[in-house]
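Listed below, chain by chain, are the residues.
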Amino acid sequence: MSNSKATAMVFEKVGQPFSLTSFDFPKLNTGEILVRVVYATICTSDLHTFYGRRCSHTHSILGHEIIGSIIEIPKNGINDFYGDALKVGDKITWSVYAHNCNDELAKRGMPQKSKDLFKYGHEKINETYKLNGGFATHCHLKRGSTIFKIPKNLTPKEATPLNCTHATIAGAIRLAGDLKGKNVLVSGVGMLGLSACAMAKESGANVVFAMDVEEKRLQQSKRFGADLSLNAKEHLEVSLKIAKEFGGIDVIIETSGVPSAVENGIKMLNIGGICVLIGSVYSQRDISINAETIVRNLLTIKGLHNYIHEDLAKAIVFLSKNNTKYPFEDLVGKEFPIEQLDIAFDFADKQSCYRVGVQPNNIIS
Ligand SMILES: [Zn+2]
């Protein structure tokens, strides 16, 4: 293979195999860099796109949980989040989106909602931007991406989900406020929930409750800092009774997005409780909440979609400090070379593990 060509598995149509396609390297504009993709993981939202459970642009390159090694930087250089100059060879992670920092919403602290947001792994391939996702040998980073060097103690399996899972949880905890001495319920213990259990525990939570319908997942949550598990199939009264024995629930981090789980969670909150919703990212029925309860019990309900740059910074610090304490590496249960991406997606969709890894550069000799 020429060293100025990239290869990608292009998503062309729902239900159709990916198409192995070759691209010339892009010409970099100001503020852009080119990376060799070191590792990518298949996020649940990639599965939703590939199997047509949500609308998406085609043709595109999926994959937004990506880490890479810089192979080209602009002539006038580029800095990471902390203002340190980046150089060729640096191993990096970056925000799942490139934003316009002059946009009004970005100025008001919501960069993830700025106009013309560019999201890696979601964009239609066009003349200028082709290498937009993780399931390719290379990725073209746009201006407005927030870049971080990956701490040397993190393995690719640990570091790759940082810019989606762990950063989103760091954002949820930011919205929940100080967790010291508080009882936290993590509703839904998939990848997001496990990260939430560990981060809540490390943020000083008193008791971390994990709630899910699957016993296997609840068992797993104990390895990630959950103190007690509640089976969501049980009647609400049963879970409430158990929670009350330990002082009830002060904070909920809701990752499942299931309307009944959101409703039941809010009913479990103590006076002054806060519920942070992050899982409700698919179309669903309205939820039913009693407004009088919210008023009388001084409850707060907040939503978070994606995250701000500081959340990714915090997630990196958290993981670098705690990667030996919690078995994050085990969550990438299997890995495939990029040419087997169809098999990898099939495997991931059967929920055989929390994440499936993809090694895009196996096909480069
Ligand atoms: Zn994701």
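Quantities reported herein were computed from a predicted structural model and do not represent experimental measurements. Residue indices follow the written sequence of each chain, beginning from 1 at its first position. Predicted model: local features are reported for residues with pLDDT of at least 70 only, side-chain atom pairs are reported and counted for 80 or more only, and whole-chain, interface and lining totals are derived from all residues.

Some details on the domain arrangement of the protein chain
Stage number 1. The split of the chain into domains comes from an automatic or database domain assignment. With domains assigned, the protein chain is organised as domain 1 (5-155 + 323-363) and domain 2 (171-303).
Stage number 2. For domain 1 and domain 2, the distance between their C-alpha centres works out to 30 Å.
Stage number 3. Each residue belonging to the side of domain 1 that touches domain 2 can be placed in one class, and the counts come to 4 nonpolar, no polar and 2 charged. The nonpolar class holds Ala, Val, Leu, Ile, Met, Phe, Trp, Tyr, Cys and Pro. Asp, Glu, Lys and Arg form the charged class, and all remaining residues, Gly among them, are polar.

Quick look at helix α8 (residues 259-268)
Stage number 1. Field definition: a residue is buried when 20 or more other C-beta atoms are found within 10 Å of its C-beta, exposed when 12 or fewer are, and partly exposed for counts in between, with C-beta atoms placed from the backbone. Segments assigned H or I by DSSP are reported as helices when at least four residues long, segments assigned E as strands when at least two residues long, and all are numbered from the N terminus. For α8, the set of buried residues is A261, V262, G265, I266 and M268. Along the axis of α8, the buried residues cluster in a sector spanning 155°; they form a single face.
Stage number 2. A pair of residues counts as a contact when their C-beta atoms, built from backbone coordinates, are separated by no more than 7 Å. As for α8, its buried residues are in contact with β9 (184-187), α7 (236-245), β12 (249-254), β13 (269-277) and β14 (300-303). Working note: the arc is built from the helix axis to C-beta atom directions.

Observations regarding the nonpolar core
Stage number 1. Note on terminology: a nonpolar core is any set of buried Ala, Val, Leu, Ile, Met, Phe, Trp, Tyr and Cys residues joined through C-beta atoms within 7 Å. Counting 105 residues, the largest nonpolar core has V186, C197, A200 and F209 as the members making the most contacts within it.
Stage number 2. Looking at this core element by element, the count peaks at 8 residues for helix α5 (residues 191-202).
Stage number 3. Split by domain, the residues of this core number at least three in each of domain 1 (5-155 + 323-363) and domain 2 (171-303).
Stage number 4. Each residue touching V186, except ones within four places of it in the same chain, is listed here: G193, A196, C197, A200, V208, F209, A210, M211, A226, I253 and T255.

Regarding the packing of helix α4 (residues 165-176) against α5
Stage number 1. Look at α4 against α5: their axes get within 9 Å of each other, and the N-to-C directions meet at 50°. In terms of orientation, α4 lies oblique with respect to α5. For the pair α4 and α5, the sense of crossing is right-handed. Contacts between α4 and α5 involve T165, H166, T168, I169, A170, A172 and I173 on the former and, on the latter, M191, L192, S195, A196, M199 and A200.
Stage number 2. By residue class, the composition of the contact of α4 with α5 is 9 nonpolar, 4 polar and no charged. Only the stretch in contact is used when fitting a helix axis, every axis being a line fitted to C-alpha atoms; angles between N-to-C directions are given from 0 to 180 degrees. Orientation is classified from the angle alone, with under 35 degrees giving roughly parallel, over 145 giving roughly antiparallel, 65 to 115 giving roughly perpendicular, and any other angle giving oblique. Crossing handedness follows the turn of the near helix against the far one: under a right angle anticlockwise gives a left-handed crossing, and clockwise gives a right-handed one.

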